Amino acid sequence: QWWKASEATVSASTSMEVHLKALTVAVIDDATGGPAANIPVQLRTASDGWVGDKRTDANGRAVFSVVDGGYRAHLYTGQWWKASEATVSASTSMEVHLKALTVKVVDNNKGGGPAANISIQLRTASDGWVGDKRTDTKGRAVFPVVDGGYRVYIYVGQQWKKAVEVTVSASTNINVRLKGLEFDTDVDGDDDHGNDN
């Protein structure tokens, strides 16, 4: 967008020097502990004016050239989220952590083993679509999310059934036990994603 960058009163040949600051949005995937590549990032001003759209690079970074002012970074992980904000007076960076929301499904009808290839849909508490995944061979589907409220739906035959609602402020595990066309759930806020519980 257009910025007033400098001003001068001219009575002879003169010059203006304008310094653009680098505003770096660094996105970390808490599921892996590493950078989150290829995440769409939208930068807006504090008054909600559009500045630019970029995707994070292999290092999980999106760099914008800006002038002094307030900015908000939004991430897209199924829908747009306001992820961070900063006031810029020099080159600066914002660090945004994507939390891992892990849904693990086990089938009580088959001895409590992992249920692979089960369709999972994640929606916000206000029913905005976030993403669809299928469980892997360990019965897991992992969604990268920001803080907020979510609803987990599981596809059982011909309909989606709401399994659980959860508020995420850290990486969270949700365990779902299939029992015919019904299921039980429990939630564990946890940063450990290596266990098979």
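Structure first, text after, so check above.
Conventions adopted
- Residues numbered from 1 in each chain as written.
- Predicted model: local features only at pLDDT ≥ 70, side-chain atom pairs only at ≥ 80, totals over all residues.
- Heavy atoms only, no water.
- Helix = DSSP H or I, 4+ residues; strand = E, 2+ residues; numbered from the N terminus.
- Rg over C-alpha atoms; globule rule 2.2 N^0.38 Å.
- Contact = heavy atoms within 4.5 Å.
- Areas by Shrake-Rupley, 256 points an atom, 1.4 Å probe, with all protein chains shown as cover.
- Core = buried A, V, L, I, M, F, W, Y, C linked by side-chain atoms within 4.5 Å.
- Buried < 20%, exposed > 50% of the residue type's maximum accessible area, 1.4 Å probe, protein only.
- Pairing = 2+ DSSP bridges.
- Phe/Tyr/Trp six-rings, centres within 6.5 Å; stacked < 30°, edge-to-face > 60°.
- Lys NZ or Arg CZ within 6 Å of the ring centre and 35° of its normal.

**Details of the overall build of the protein chain**
- When helices and strands are counted, the protein chain shows 0 helices and 16 strands.
- Taken over the C-alpha trace, the protein chain has a radius of gyration of 22 Å; the compact-globule value for 197 residues is 16 Å, which it surpasses by more than 25%.
- Oriented by its inertia axes, the alpha-carbon framework of the protein chain measures out at about 85 × 30 × 20 Å.
- Summarising the internal contacts of the protein chain: among those between residues at least 6 apart in sequence, 50% fall at separations of at least 24.
- As presented, the protein chain carries roughly 10,700 Å² of accessible surface, and 46% of it is formed by carbon and sulfur atoms.

**A short note on the nonpolar core**
- Residues Tyr 71, Leu 101, Val 105, Ile 120 and Tyr 150 are the most contacted members of the largest nonpolar core, which totals 44 residues.
- The element best represented in this core is strand β8 (residues 92-107), accounting for 6 residues.
- Apart from residues lying up to four places away in sequence, Ile 120 is in contact with Val 103, Val 105, Gly 131, Asp 132, Lys 133, Thr 135, Ala 141, Phe 143, Val 152, Tyr 153, Ile 154 and Trp 160.

**Comments concerning the pairing of strand β3 (residues 40-45)**
- Where burial is concerned, most of β3 is hidden: 6 out of the 6 residues are buried.
- Looking at chain direction, β3 and strand β4 (residues 50-55) are connected through 5 bridges and run antiparallel. Pairing of Gln 42 across the sheet is with Asp 53, part of β4.
- Connecting the antiparallel pair β3 and β4 is a turn made up of 4 residues, with Asp 48 showing a positive phi of about 75°.

**A word on the pairing of strand β10 (residues 119-124)**
- Here β10 lies mainly inside the structure; 6 of its 6 residues are buried.
- Here β10 shows two buried faces, one formed by Ser 119, Gln 121 and Arg 123 and the other by Ile 120, Leu 122 and Thr 124.
- Examined bridge by bridge, β10 and strand β11 (residues 129-134) share 5 bridges and lie antiparallel to one another. Bridge pairing in β11 places Ser 119 opposite Arg 134.

**Things to note about the packing of aromatic side chains**
- Applying the stated criterion to the full structure yields 1 aromatic pair.
- The interplanar angle of 65° and the centroid separation of 5.3 Å between the aromatic rings of Tyr 155 and Trp 160 together place this pair among those described as edge-to-face.
- Relative accessible area serves as the criterion here: at 35%, Tyr 155 is assigned to the partly exposed category.
- Overall, Trp 160 belongs to the partly exposed group, its relative accessible area being 34%.
- The aromatic ring of Phe 64 is capped on one face by Lys 54, whose charged end is 5.3 Å from the ring centroid.
- If you follow Lys 133 out to its NZ or CZ, it ends over the ring of Phe 143, 5.4 Å from the centre.

In short, shape yes, function no, at least from these values alone.
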